[in-house]
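Here's the letter readout for the chains.
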Amino acid sequence: EERDADPWHLPLVKLICRWAVEMGNIFVWAFLLLQWNIMGRSCNVDAIGLHNFTAEKDSVVFCLDKNKKDQKGENVSKKHCYDNPLKPKISLFLALGVYLCLHQSKFKKKDGSDKLFRAEGKDGSSSNTYCKRLRAMLAKKWEVVYSHVRRGHFNPHGTRKGSATHVTTCTMDPPPIPSVMM
């Protein structure tokens, strides 16, 4: 039986972001928007530290230490992320700014880690925490979610699929497919 994740298209992402903000779930809001914008897996977002991003002229550039096919990090590509100031609920810069302001004490730890999303579970994975909080947040919203994805096909990998689909189909001049795949 096919169990692949269905892509989360932009309308669903907007809904989840709105619900996250309304429920005060800033962690899910920021994590989701970062995953959407870098078109990455939740484990990629889990590993992002303060050292992985820099400001450029009109973007924030994320460069991961490694990825699924490049465990040594020799050929990782930079991901330029831009703001969406006219739509604050899906503004990556606003979400990260609010998250960092609310959680600044997490970055004063003595362990030396600069991970952006600190893990709160036994397994040490903030991506696991994200999945649990997302499912808890959506507990009473499943019928709406299932109007966007098939039952049993909703999981965080759909964010990556949806963002890649969005960037390649919602324009007359999409980026090259190899760039999106990287």
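Residues numbered from 1 in each chain as written. Predicted model: local features only at pLDDT ≥ 70, side-chain atom pairs only at ≥ 80, totals over all residues. Heavy atoms only, no water.

Draft legend 1. Geometry of the overall build of the protein. Broken down by element type, the protein carries eight helices and three strands. Helices (α) and strands (β) of the protein occur, in sequence order from the N terminus, as α-α-α-β-β-β-α-α-α-α-α. Counting the 182 residues in the protein, one finds 38% classified as buried. The long-range fraction of contacts in the protein, counting pairs at least 24 apart against all pairs at least 6 apart in sequence, stands at 58%. Only carbon and sulfur atoms are counted for the fraction: they give 55% of the accessible area of the protein, which is about 10,600 Å². (Helix = DSSP H or I, 4+ residues; strand = E, 2+ residues; numbered from the N terminus. Buried < 20%, exposed > 50% of the residue type's maximum accessible area, 1.4 Å probe, protein only. Contact = heavy atoms within 4.5 Å. Areas by Shrake-Rupley, 256 points an atom, 1.4 Å probe, with all protein chains shown as cover.)

Draft legend 2. Seen up close, the confidence of the model for the protein. On average, residues of the protein carry a pLDDT of 83, and 81% of them reach 70 or more. Summarising per-element confidence for the protein, the mean pLDDT is lowest in helix H8 (residues 177-181) (62) and highest in helix H1 (residues 10-22) (95). (pLDDT = per-residue confidence, 0-100.)

Draft legend 3. The arrangement of the nonpolar core in detail. Formed by 41 residues in total, the largest nonpolar core has its most connected members in Trp8, Ile16, Phe117 and Phe154. Every element with two or more residues in this core is listed here: H1, helix H2 (26-38), strand E2 (60-63), helix H4 (92-102), helix H5 (126-137) and helix H6 (142-145). What Ile16 contacts, discounting residues up to four positions off in sequence, is Trp8, Leu32, Leu134, Met137, Leu138 and Phe154. (Core = buried A, V, L, I, M, F, W, Y, C linked by side-chain atoms within 4.5 Å.)

Draft legend 4. Region of interest: the packing of aromatic side chains. Within this structure, the stated rule accounts for ten aromatic pairs. Seen in terms of ring centroids, Trp8 and Phe154 are 4.7 Å apart; in terms of plane orientation they differ by 5°. Their pairing is stacked. Here the residue Trp8 occupies a position in the segment before H1, and Phe154 occupies one in the loop between H6 and helix H7 (157-169), the gap between them amounting to 146 residues. Residues Trp8 and Phe154 agree in their burial class; the two are buried. Among the aromatic residues, those joined into a ring-pair cluster are Phe27, Phe31, Tyr99, Phe117 and Tyr130. A cation over a ring is seen here: Arg133 above Phe27, with NZ or CZ 4.9 Å from the ring centre. (Phe/Tyr/Trp six-rings, centres within 6.5 Å; stacked < 30°, edge-to-face > 60°. Lys NZ or Arg CZ within 6 Å of the ring centre and 35° of its normal.)

Draft legend 5. The arrangement of the packing of H2 against H5 in detail. Where H2 meets H5, the axes come as close as 10 Å, and the angle between the chain directions of the two elements is 115°. Here H2 lies roughly perpendicular to H5, going by the angle between them. Judged by the twist between their axes, the crossing of H2 over H5 is left-handed. Mapping the contact onto sequence places Phe27, Val28, Phe31, Leu32 and Gln35 in H2 and Ser126, Ser127, Thr129, Tyr130, Arg133, Leu134 and Met137 in H5. In terms of residue class, the contact of H2 with H5 is built from seven nonpolar, four polar and one charged. (Axes fitted to C-alpha atoms, helices over the stretch in contact; angles between N-to-C directions. Parallel < 35°, antiparallel > 145°, perpendicular 65-115°, else oblique. Left-handed = near helix turned anticlockwise from the far one by under 90°. Nonpolar A, V, L, I, M, F, W, Y, C, P; charged D, E, K, R; others polar.)

Draft legend 6. The arrangement of the sheet that holds E2 in detail. Within the open sheet, the three strands sit side by side as E1-E2-E3. Their pairing is antiparallel. The outermost strands of the open sheet, each flanked by one partner alone, are strand E1 (53-55) and strand E3 (78-81). Within the sheet, the average angular offset between the axes of one strand and its neighbour, ignoring direction, is 25°. Across three bridges, E1 lies against E2 in antiparallel orientation. Bridge pairing in E2 places Thr54 opposite Val61. (Pairing = 2+ DSSP bridges.)

Draft legend 7. Molecular detail of the pattern of salt bridges. As enumerated under the stated definition, the model contains four salt bridges in all. A salt bridge links Asp6 to Arg150; its shortest N-O distance comes to 2.7 Å. Taken together, the residues Asp6 in the segment before H1 and Arg150 in the loop between H6 and H7 connect sequence positions 144 residues apart. (Salt bridge = Lys/Arg side-chain N within 4 Å of Asp/Glu carboxyl O.)

Draft legend 8. Fine view of H4. When we look at burial in H4, the residues that qualify are Leu92, Ala95, Leu96 and Tyr99. Mapping the buried residues of H4 onto a view down its axis gives an arc of 95°, with all of them on the same face. Each element contacted by the buried residues of H4 is listed here: H2, E2 and E3. (Arc of directions from axis to C-beta.)

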